[in-house]
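So you can see what is in the structure, the chains are spelled out below.
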Amino acid sequence: MNEMYYWSPGVQFCVKDEELYVERFRYGRQAAQFFPEFYYLTQFGARTEDLEKRFETENRSLLKNLIQDFMKKKILVCSVITPKELFHSQTRLFQNDYPETIKFVKEELEEFKLEQSGRQLVKEGLTYILKDSDYCNDIICRETVRRFSKKAISFHSFSRILGSMQNREDRRSTRYYPSAGGLFPVDVYVFVKSGRVEGVEQGLYYYNPVINGITLVDEGDNITIKSQFITNQEIFAGSAFTIYFLYNARCSMPKYSGMGYYYGILDCGIMTGLITRVSVEEGIGTCSIGDMLYGKIESCFHLNKDQIFLHSMECGYKDETESEQLKENE
Ligand SMILES: Cc1cc2nc3c(=O)[nH]c(=O)nc-3n(C[C@H](O)[C@H](O)[C@H](O)COP(=O)(O)O)c2cc1C
């Protein structure tokens, strides 16, 4: 294959004490001989065979293996990178005054959450207290649901939830949610568990907004709790179906270039909001899952290289028995 490979924009390297380090990986002295030239070449894109020819070295296999390893670790990339890879670089730019322990110590995290939700940035000056917070029940009753009952979802409710993503017949080229440029670059897939949606067999389906239907892409036997971090495994195990959102760069980058990716993430948030709203109407609970081990199930989706996983949601009837609902990070 003659593909162009690029040094991933989220990846940093340095040569220290004559040894090459790329992010947390140590590549040693021999690899250091190719730097920084290797970086200069690949930041604008290069073909692997050109890279192999470009450097004078007696150790051809070392260079070849290095390139292969860079490809495997996604240091060299040939398509749009994931949000995780893209946003990783922001961590070091943020001046963090909080200790690492707020991530792991329950009490510290609770305190941090209270501090953030209770923040009042401006407290002095002309102020109006707003009124009439009497929202409809669907807004008032919404809450994240993490424990689901085993009751099967009716095909009617399932259809209404996913159908909120369809192409409208009454207004050409639009859907029930807004999208930058009317391009709708987020693709939707749904994994249905066995016996959990009336009349639908277990499997991973592509949601087709044109026909407002779902089409099987994989039996889904390999889509298991192993695709989730431990804190979210119980949520996944109990849900009736999972909705996956994937950004499709082909649909918006031709118009918006890199910003198309950003708009796609915004679209995904709006879609999630609409699905949550319709689910509440149907008496169905949802839980957004921020991060998962998507790589473990990626092959089930049979994607093209322009499709990038963004987000997923677990859906099902709330478990109304005595057991208390889980909280995030439990
Ligand atoms: C982008 C996003 C990611 C989230 N990720 C998780 C998650 O991984 N696990 C989880 O249990 N809840 C997750 N949640 C749910 C939040 O924890 C929840 O919305 C928040 O605690 C407020 O509670 P409420 O939705 O019941 O009002 C996520 C929500 C959003 C919007």
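Residues numbered from 1 in each chain as written. Predicted model: local features only at pLDDT ≥ 70, side-chain atom pairs only at ≥ 80, totals over all residues. Heavy atoms only, no water.

A.B. asks: Explanation requested: the layout of surface pockets in the structure shown.
C.D. replies: Once rolled over the atoms, a probe with the size of a water molecule shows which space is left empty. Space inside the largest pocket adds up to approximately 1,100 Å³. Surrounding the largest pocket, 35 residues form its lining, Lys 74, Thr 82, Pro 83, Lys 84 and Glu 85 being those nearest its centre. Those elements that place two or more of their residues in the lining of the largest pocket are strand E6 (76–77), helix H5 (83–87) and strand E12 (307–316). Here the residues of the lining of the largest pocket sort into 17 nonpolar, nine polar and nine charged. (1 Å grid on protein atoms, 1.4 Å probe; cavity = no way out; pocket = protein on both sides within 12 Å on 5 of 7 lines; lining within 4 Å. Points joined across faces, edges and corners; volume = space filled by probe spheres on them. Helix = DSSP H or I, 4+ residues; strand = E, 2+ residues; numbered from the N terminus. Nonpolar A, V, L, I, M, F, W, Y, C, P; charged D, E, K, R; others polar.)

A.B. asks: I'm lost on the pairing of strand E2 (residues 13–16) in this one. Help?
C.D. replies: Within a regular strand, side chains alternate between the sheet's two faces. Sheet topology places E2 next to strand E3 (residues 19–22); four bridges connect them, and they run antiparallel. Opposite Lys 16, over in E3, you have Glu 19 as the bridge partner. Counting the residues in the hairpin turn of E2 and E3 gives two residues, including Asp 17, whose phi is positive at 50°. (Pairing = 2+ DSSP bridges.)

A.B. asks: What am I meant to see in the sheet that holds strand E11 (residues 285–289) here?
C.D. replies: Strand-to-strand pairing in sheets goes through backbone hydrogen bonds, with the strands running parallel or antiparallel. Spatially, E9-E8-E7-E10-E12-E11 is the arrangement adopted by the six strands of the open sheet, whose pairing is antiparallel. Either end of the sheet is taken by a strand with one partner, and the two such strands are strand E9 (213–218) and E11. Here the average twist between neighbouring strands, direction ignored, is 30°. As paired strands, strand E7 (residues 186–192) and strand E8 (residues 203–208) are joined by four bridges and run antiparallel to one another. Paired with Tyr 189 across the two strands is Tyr 206, which belongs to E8. (Axes fitted to C-alpha atoms, helices over the stretch in contact; angles between N-to-C directions.)

A.B. asks: What is the right way to read the site of the ligand from this model?
C.D. replies: In the vicinity of the ligand, the residues found are Arg 142, Glu 143, Thr 144, Arg 146, Asn 232, Ile 235, Cys 287, Ser 288, Ile 289, Gly 290, His 311 and Glu 328. Within the contact set of the ligand, a nitrogen atom lies 3.1 Å away from a backbone nitrogen or oxygen of Ser 288. For the ligand, the accessible surface in isolation is 620 Å², of which the surrounding protein chains cover 60%. Among the elements that take part in the shell around the ligand, E11 stands out by supplying three residues, more than any other. Residue composition of the shell around the ligand, grouped by class: three nonpolar, five polar and four charged. (Near = heavy atom within 4 Å. Polar contact = N/O pair within 3.5 Å; in protein donor to acceptor, adjacent residues only side chain to side chain. Areas by Shrake-Rupley, 256 points an atom, 1.4 Å probe, with all protein chains shown as cover.)

A.B. asks: So what exactly am I meant to see when it comes to the sheet that holds strand E4 (residues 25–27) here?
C.D. replies: Spatially, E2-E3-E4 is the arrangement adopted by the three strands of the open sheet, whose pairing is antiparallel. Across the chains shown, the open sheet's two edge strands, defined by having one partner strand only, are E2 and E4. The mean angle between the axes of side-by-side strands here comes to 25°, regardless of whether they run parallel or antiparallel.

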